[in-house]
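The primary structure of each chain is shown beneath.
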Amino acid sequence: MDKEAASKLREQLRPHLKDFLRNGNVDFYPPALTVCPHCGGQAGLNEDGTWLCPKLTGCGAGGDVVDYAMENLRMPENEAIRFLCRMFGIRITELDYVTSDEVMDMEFHDPVFVVDGLLSKGLTLFAGTSKIGKSWLALWLAHRISTGQSIWGFASRPCEVMYLCLEDTLDRLQRRLIEVTGGETGTIYLATDAEIMGNGLEEQLIGFLSTHPKVGIVIIDTLQKIRELGSEKAGYAGDYNAMTRLKGIADRFGVTLLAIHHTRKAKSNDPFQMVSGTTGLMGCADNTFVMLKDNRAENRTKLFGTGRDIRDMELSLCFQKNPMDWVLEDCTVGGFRPSRDRELSQIAAFILERQAWEGTATELAEALTAQDAEFDVKPNALVRILNANASLLAEHYGFQFSAKRVANTKLLRLTAGEAEAI
Ligand SMILES: [Zn+2]
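Residues numbered from 1 in each chain as written. Predicted model: local features only at pLDDT ≥ 70, side-chain atom pairs only at ≥ 80, totals over all residues.

### Section: the pairing of strand β18 (residues 399-406)
In step 1: Bridge count for β18 against strand β19 (residues 409-416) is 8 bridges, and the pairing is antiparallel. Bridging from a neighbouring strand, S402 pairs with R413 of β19.
In step 2: If you look at the hairpin formed by β18 and β19, you'll find 2 residues sitting between the two strands, and A407 has a positive phi there, around 50°. (Pairing = 2+ DSSP bridges. Helix = DSSP H or I, 4+ residues; strand = E, 2+ residues; numbered from the N terminus.)

Written as structure tokens, this is what we have:
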């Protein structure tokens, strides 16, 4: 959004400072005192919707509700404005666009994944046969993610978790939680009751996510429980529509929405044909997982994954009791796009030899061509390949890529995993 649009929205947001303090569980002493989000000192609230931490006793910081949210939630300006507009139902009337060049030059510090290569932001459908322990698995995932533990070798980023366990009771959950977590876990919010879609659920989710910005994933157990009665007859359009509404919420808040679902009874050679309902469910989901019983033994399952953000995969898992765990026994993860495969491994070889490298895109392109005369990527495109594959490079080759602007030059920095940052 441009400066003018941002300042218009700031005007509309200005009266909401006190609402934000109340909503956001910030220490707030009505009518005129709060905690300075910058130094933690005492800040005053003014009639015009601004706050000020006096220089005499504090740090001198001040501003409106956007400045407060930026400090308090550590968000850049535009992100804070969007977040607050969602919270207070203010429409952003100006279409928020960027140019294709800007997108290709962006560096995303805010990762696309909650669990690298496995659970991305957006809507994920997770279908499994009955009695396979889907609810146990959901709770186990919630626990691992809330504590930042990896899942089958895929690194996870710790965040808060909302678990809508709509087929459970709190006493059963208490026993499960203790078995799964051993008595200690991160922040997991649990709800055993919620409205259905089209009758309040969307509002409940939006209200919750607006006031809990640290929540990175919402698990819905099960999708059936939040659909309207008779929705099994809704057909393709009904399925697609329901998923679109869920995906809209996930995208709006930048969270993962994991919808647990069941499989149909009829067997099929294609695991994804086993998802109950029409293809409208999978068609709208960003990624889909199907968990089926492995015929080898009772406690073994196969997990198939496919989607827009993840590579096709097949995992063999073994369910263990004491301690409760889903152990990865075998896994096949599809290769990355062959067109870039070669360039990426050449870059990786270059960095691993040097451990660390810094310079401009032109210098990097020249050095790579010197290493292999057939390496033919223009400097600009090279930066874009690196940007687009940053998490993949870290995951596969263990090296970090970053870029910073010094004066008028963009300096790239590549560091092998083991090496100290320059
Ligand atoms: Zn202060």
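### As for the packing of helix α8 (residues 201-211) against helix α10 (residues 235-253)
When two helices pack together, their arrangement is given by the angle between the helix axes and the distance between those axes.
In step 1: Close contact between α8 and α10 brings their axes to 11 Å; oriented N to C, the two are set at 10°. Comparing their axes, α10 and α8 come out roughly parallel. Of the residues in α10, those touching α8 at E202, L205, I206 and L209 are R245, I249 and F253. (Axes fitted to C-alpha atoms, helices over the stretch in contact; angles between N-to-C directions. Parallel < 35°, antiparallel > 145°, perpendicular 65-115°, else oblique. Contact = placed C-beta atoms within 7 Å.)

### Concerning the packing of helix α13 (residues 361-371) against helix α14 (residues 379-388)
In step 1: Across the interface, α13 lies against α14 with an axial gap of 8 Å and an inter-helix angle of 95°. Between α13 and α14, the angle is such that the two are roughly perpendicular. Residues A361, T362, L364 and A365 of α13 pack against P379, N380, L382 and V383 of α14.

### Focus on unusual backbone geometry
In step 1: Cis geometry marks the peptide bond from D221 to T222; its omega dihedral reads 10°.
In step 2: Note that T222 resides in the loop between β11 (215-221) and α9 (223-226).
In step 3: You will see that W152, though not glycine, has its phi angle at about 50°, which is positive.
In step 4: Turning to its location among the elements, W152 is positioned in the loop between α6 (134-146) and β9 (160-165).
In step 5: The exposure class of W152 is partly exposed, given the 17 C-beta atoms found within 10 Å.
In step 6: Positive phi is not limited to glycine here, since Q355 has a value of about 70°.
In step 7: One can find Q355 in the loop between α12 (338-354) and β17 (356-359). (Buried ≥ 20, exposed ≤ 12 C-beta atoms within 10 Å, placed from the backbone.)

### Focus on the domain arrangement of the protein
In step 1: If you check the domain split of the protein, you get domain 1 (3-87), domain 2 (113-333) and domain 3 (338-416).
In step 2: Relative to domain 3, the C-alpha centre of domain 1 lies at a distance of 41 Å. (Domains from an automatic or database assignment.)

### So, the sheet that holds strand β5 (residues 62-63)
Strand-to-strand pairing in sheets goes through backbone hydrogen bonds, with the strands running parallel or antiparallel.
In step 1: Taking strand neighbours across the sheet as the criterion, the 5 strands line up as β1-β2-β3-β4-β5 in an open arrangement whose pairing is antiparallel. Edge positions in the open sheet fall to β1 (28-29) and β5, since each of these has one partner strand only.

### Notes on the nonpolar core
In step 1: Judged by nonpolar contacts, the single largest core of 56 residues is most densely connected at Y163, V218, I219, I220 and A259.
In step 2: Of the residues forming this core, the biggest block, 7 residues, is contributed by α6.
In step 3: Setting aside chain neighbours within four positions, we find Y163 in contact with A138, L139, A142, I188, Y189, L190 and I219.
In step 4: By size, the runner-up hydrophobic cluster in this structure holds 19 residues, among which are L45, W51, V66 and L84. (Core = buried A, V, L, I, M, F, W, Y, C linked by C-beta atoms within 7 Å.)

### Observations regarding the sheet that holds β18
In step 1: Taken together, 3 strands build an open sheet; the order of strands is β17-β19-β18 and the sheet is antiparallel. Each edge of the sheet is formed by a strand with only one pairing partner; in this case those strands are β17 and β18. In this sheet, neighbouring strand axes are inclined to one another by 10° on average, regardless of whether the strands run parallel or antiparallel.

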